[in-house]
Amino acid sequence: MINEERVLKEFLELIHIRCSTHDEREIGDLLTKRLQELGGTVKEDHAGEKLGGNCGNLVADFPATAGKESAPTVMLTAHMDCVEPCANIHPVIENGIIRSDGTTILGSDDKAGVTAILETLRQLQEQKLPHGPLQVVFTISEENGVHGSQNLDSSLLHADMGFTLDTHGHPGVMSYKAPGKNQIHIHIAGKAAHAGVEPENGINAIQAAGMLLADAPQGRIDAETTCNIGRIAGGSATNVVADSCDIYYESRSRDKKKLDTITQRIVDHFKLGEEVTGCRISAEVSPDYGPYEIPKDSPAIAVATRAAEKLHFPIELEESGGGSDANHFNTYGVPTVVLGVGMTNCHTKEEYIEEKDLYDAARWALAIVCEASEETK
C-alpha cells in the first residue's frame, strides 16, 4: 500500500540535510512546507528560543475524514536532529542495506521515523483513506537529552494515544517501559599551590576525585537501574596543584524510587568524601525526564498490535534502557509507545538500516492510523 520508490527517495533526501541539534532550521522549514501541502495546520513552538537553537518543535493537526470525528486522536512523532557527524552524508545501498560511506553517521535515527510519517500522510491523502483526527509532532533537540520535547508547548497536544517512531528493532517491536534519567554534576574544590615549590600546601582536587571515584556507584546497579561517569574535567596547568575538578554523571532507572535512590546514593558518596579529602564538594542534580510504563492492555498497544498482526509483523514488547520523546509525551498525558523502525548501530559511523524495515515502518504507521479509525473515544 506504500510507495517504496518514493519512501527511499525521500529518506535519501532527508539524510542529506545537515540537522545538528540546535540547528534544525533547514529541515524544519522543509517539513513545515510538506506538512502544510499534505493538509496539516502547523504550529511551531518557542522551544528553540529557550534552548538557544534556531527552530522550534513542529505540531501539525489533520482533521478527521467525514464520519470519523469520534475516533481517537492519534499522534505520530519523530525527531528532526541527528548526532554528529551528520554533514555531507554519502549513503551506500548494497544488498538491501543502506549505510553511510563510513565517514559519517547515516541518519536513520530518526529520518526513518520522519519518512514513515510523511508516507503515511501521503497515503491517507492519495487513497482517501478514512481516519480519525491526527497529530504529527516533529521535535528538536532530542539527541542532547530530549530537551526539545521537554520544552514543548504541551498545550498544543490533544491526542488520545501516541506513537514515537524512534528505536531499534524491526517494525513490530514496541517499547512500553523506559527509564527516567538524572544528570549529576559533582564539583570538587581543592586548594591551589605551586606544584614545584610548595605542593604540600595544596589540595589536589583531581586526586581527590580519583580517590572517590574508585568506589563510586558505576554501571549496572540492577535489572532496571544504571549509572555512568561520563566526563571529568579539572586543573589548569601541570605546575599548579589542581584546585578544582568537575565530574559529570548520569543515573537511570525504570523505577522512580530506584532512580531517586541511586541519585541520592551518588550525591551522598561524594559529599561524605569532604572529610577524607579536605575538599569542598557540591552536587547538582538536573532531571532530564521521568520514567514511564504503558499498561500492556492499553489502547495504544492494542491498536499497534492489531496493526502489526494484519501486516504479519512479529510483535515484541520490550523494556527500554534509553529515553526518548515518549518520556515527556507520557508526562503530558498522552499515552505513547515507542516503535521500532529498524535503525541499527545508531550514534556510530557503522549505522545502517535495511530497506525492508524502512518500508515496513511506513506500512506500520499507516496501519496504526487506519486501525485507530475503527475505534471510538
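Here, residues in each chain are numbered from 1, in the same order as that chain's written sequence. Residue-level local features of this predicted model are given only where pLDDT is at least 70; pairs of side-chain atoms are given and counted only at 80 or more, and the full residue set underlies all totals for whole chains, interfaces and linings. Only hydrogens and water are set aside when side-chain values are computed; all heavy atoms of the structure are taken into account.

**Q** Run through the overall build of the protein, naming residues and quoting values.
**A** For the protein, the helix and strand inventory stands at 11 helices and 17 strands. At 23 Å, the protein has a C-alpha radius of gyration in line with the 21 Å of a compact globule built from 377 residues. With the C-alpha coordinates of the protein rotated into their principal frame, the extents come out at 80 × 40 × 40 Å. Expressed as a percentage of its 377 residues, the buried residues of the protein come to 54%. Whether two residues are in contact is decided by their heavy atoms: any pair within 4.5 Å suffices. Of the contacts made within the protein by residues no fewer than 6 positions apart, 80% connect residues no fewer than 24 positions apart. Here a strand is any run of E in DSSP of at least two residues, a helix any run of H or I of at least four, and the numbering for each starts at the N terminus. The atom set for the radius of gyration is the C-alpha atoms, and the globule formula is 2.2 Å times the number of residues raised to the power 0.38. Only protein chains enter the accessibility calculation, which uses a 1.4 Å probe. A residue is then buried if its area is under 20% of the maximum for its type, exposed if over 50%, and partly exposed in between.

**Q** Break down the nonpolar core for me, with residues and values.
**A** What makes a nonpolar core is a set of buried Ala, Val, Leu, Ile, Met, Phe, Trp, Tyr and Cys residues whose side-chain atoms join them at distances within 4.5 Å. Ranked by size, the top nonpolar core spans 76 residues in total, and within it Phe11, Leu35, Phe138, Phe163, Leu358 and Trp364 carry the most contacts. Per-element tally for this core: the top contributor is helix α11 (residues 355-372), with 11 residues. In this structure, Leu358 is in contact with Val7, Leu8, Phe11, Ile98, Ala112, Val341 and Ile353, ignoring residues within four places of it in sequence. Of all hydrophobic cores here, the second largest spans 19 residues; its members include Ile186, Ala209, Ile262 and Val267.

**Q** I'd like a rundown of the packing of aromatic side chains, residues and numbers included.
**A** Only centres within 6.5 Å qualify two rings of Phe, Tyr or Trp (six-membered ring in Trp) as a pair; their planes then separate them into stacked at under 30 degrees, edge-to-face at over 60, and tilted for everything else. As enumerated under the stated definition, the model contains one aromatic pair in all. Consider the ring centre and the ring normal. A charge sits over the ring if Lys NZ or Arg CZ is within 6 Å of that centre and within 35 degrees of that normal. In this structure, Arg231 is placed above the aromatic ring of Tyr248, and the distance from its NZ or CZ to the ring centre is 4.2 Å.

**Q** How would you sum up the packing of helix α4 (residues 108-126) against α11? Please name residues and give values.
**A** Orientation is described by lines fitted to C-alpha atoms, with helices fitted over the stretch in contact, and by angles between N-to-C directions that extend from 0 to 180 degrees. Where α4 contacts α11, the axes come no closer than 8 Å and their chain directions differ by 50°. Classed by the angle they form, the pair α4 and α11 counts as oblique. In the packing of α4 onto α11, the handedness of the crossing is right-handed. Along the contact surface, α4 presents Ala112, Ala116, Glu119, Thr120, Gln123 and Leu124, while α11 presents Leu358, Ala361, Ala362, Ala365, Leu366, Val369 and Cys370. Taken together, the residues of the contact of α4 with α11 break down into 10 nonpolar, two polar and one charged. Angular relationships are summarised with four words: roughly parallel below 35 degrees, roughly antiparallel beyond 145, roughly perpendicular across 65 to 115, and oblique for the angles in between. Crossings are classed by handedness, with left-handed meaning an anticlockwise turn of the near helix from the far one by less than a right angle and right-handed meaning a clockwise turn. Only Asp, Glu, Lys and Arg are considered charged, only Ala, Val, Leu, Ile, Met, Phe, Trp, Tyr, Cys and Pro nonpolar, and every remaining residue, Gly among them, polar.

**Q** Could you give me a rundown of the pattern of salt bridges, with the residues and numbers involved?
**A** Any Lys or Arg side-chain nitrogen located within 4 Å of an Asp or Glu carboxyl oxygen qualifies as a salt bridge. Per the stated rule, a full pass over the model turns up 26 salt bridges. Put simply, Glu4 and Arg363 hold a salt bridge, and the shortest N to O gap is 2.5 Å. Of this pair, Glu4 sits in helix α1 (residues 4-15) while Arg363 sits in helix α11; the two residues are 359 residues apart in sequence, bridging distant segments of the chain. Residue class for Glu4 comes out partly exposed when judged on its relative accessible area of 35%. The partner of Lys68 in a salt bridge is Glu374, and the shortest N-O contact between them spans 3.8 Å. Placement of the pair is Lys68 in the loop between β2 (58-62) and β3 (74-79) and Glu374 in the segment after α11, with a sequence separation of 306 residues.

**Q** Can you break down unusual backbone geometry residue by residue, with the values?
**A** Excluding glycine, a negative phi dihedral is what most residues carry, and trans is how most peptide bonds are arranged. That bond from Glu84 to Pro85 is cis: its omega, -5°, falls within 30 degrees of zero. Cis geometry is found at the peptide bond from Asp109 to Asp110, where omega equals 15°. In this fold, Asp110 is placed in helix α4. In the Ramachandran plot, His22 falls in the positive-phi region, its phi being about 75° despite a non-glycine side chain. Tracing the chain through its elements places His22 in the loop between α1 and α2 (25-37).

**Q** Can you tell me about the side chain of Asp81, naming the residues and giving the values?
**A** Mapped onto the fold, Asp81 is located in the loop between β3 and β4 (91-94). When charges are counted, neither His nor the chain ends are considered; positive counts come from Lys and Arg and negative counts from Asp and Glu. In this structure, Asp81 is buried with no salt-bridge partner, the nearest side chain bearing the opposite charge being Lys111 at 6.9 Å. A polar atom in the side chain of Asp81 sits 3.1 Å from the backbone nitrogen of Glu142. Pairs of N or O atoms within 3.5 Å make up the polar contacts considered here, provided that, within protein, one atom can donate a hydrogen while the other can accept it, and that residues adjacent in sequence are counted only when both atoms are side-chain atoms. Only 2.9 Å separates the side chain of Asp81 from the backbone nitrogen of Glu143, close enough to count as a polar contact. In this structure Asp81 touches Cys19, Ser20, Thr21, Glu24, Asp109, Lys111, Thr139, Ile140, Ser141, Glu142 and Glu143, once residues within four positions along its chain are discounted.

**Q** Tell me about the environment of Gly202, and name the residues and values.
**A** By the element assignment, Gly202 lies in the loop between β9 (180-189) and α6 (205-213). By relative accessible area, which is 19% here, Gly202 ends up buried. Placed 193 residues apart in sequence, Gly202 and Lys9 show a C-alpha to C-alpha distance of 62 Å. Beyond its immediate sequence surroundings of up to four residues, Gly202 is in contact with Lys191, Ala192, Ala193 and Val241.

**Q** Pulling in residues and values, what's your account of helix α9 (residues 299-310)?
**A** Given 3.6 residues to a turn, an α-helix orients residues that are three or four positions apart in the same direction. The terminal C-alpha atoms of α9 lie 17 Å apart, and with 12 residues this matches the ideal 16 Å at 1.5 Å per residue to within 8%. Residues of α9 that are buried: Ala300, Ile301, Val303, Ala304, Thr305, Ala307 and Ala308. His312 occupies a position one or two residues after α9 and carries a positive phi of about 65°. Here, expected helix span is obtained from the residue count minus one, scaled by 1.5 Å.

**Q** Give me the lowdown on the sheet that holds strand β5 (residues 97-100), citing residues and values where you can.
**A** Pairing between two strands is assigned when DSSP locates at least 2 bridges connecting them. Read across the sheet, three strands follow the order β4-β5-β17 without closing on themselves; strand pairing throughout is antiparallel. The open sheet is flanked by β4 and β17 (352-354), the only strands paired with a single partner. Across the sheet, the mean angle separating the axes of adjacent strands is 20° when strand polarity is ignored. The pairing of β5 with β17 spans three bridges and is classified as antiparallel. Paired with Ile98 across the strands is Ile353, a residue of β17. Docked against the sheet, α1 engages β4, β5 and β17, running at close to 150° with respect to β4.

Bear in mind that shape data such as this cannot, by itself, settle questions of function.
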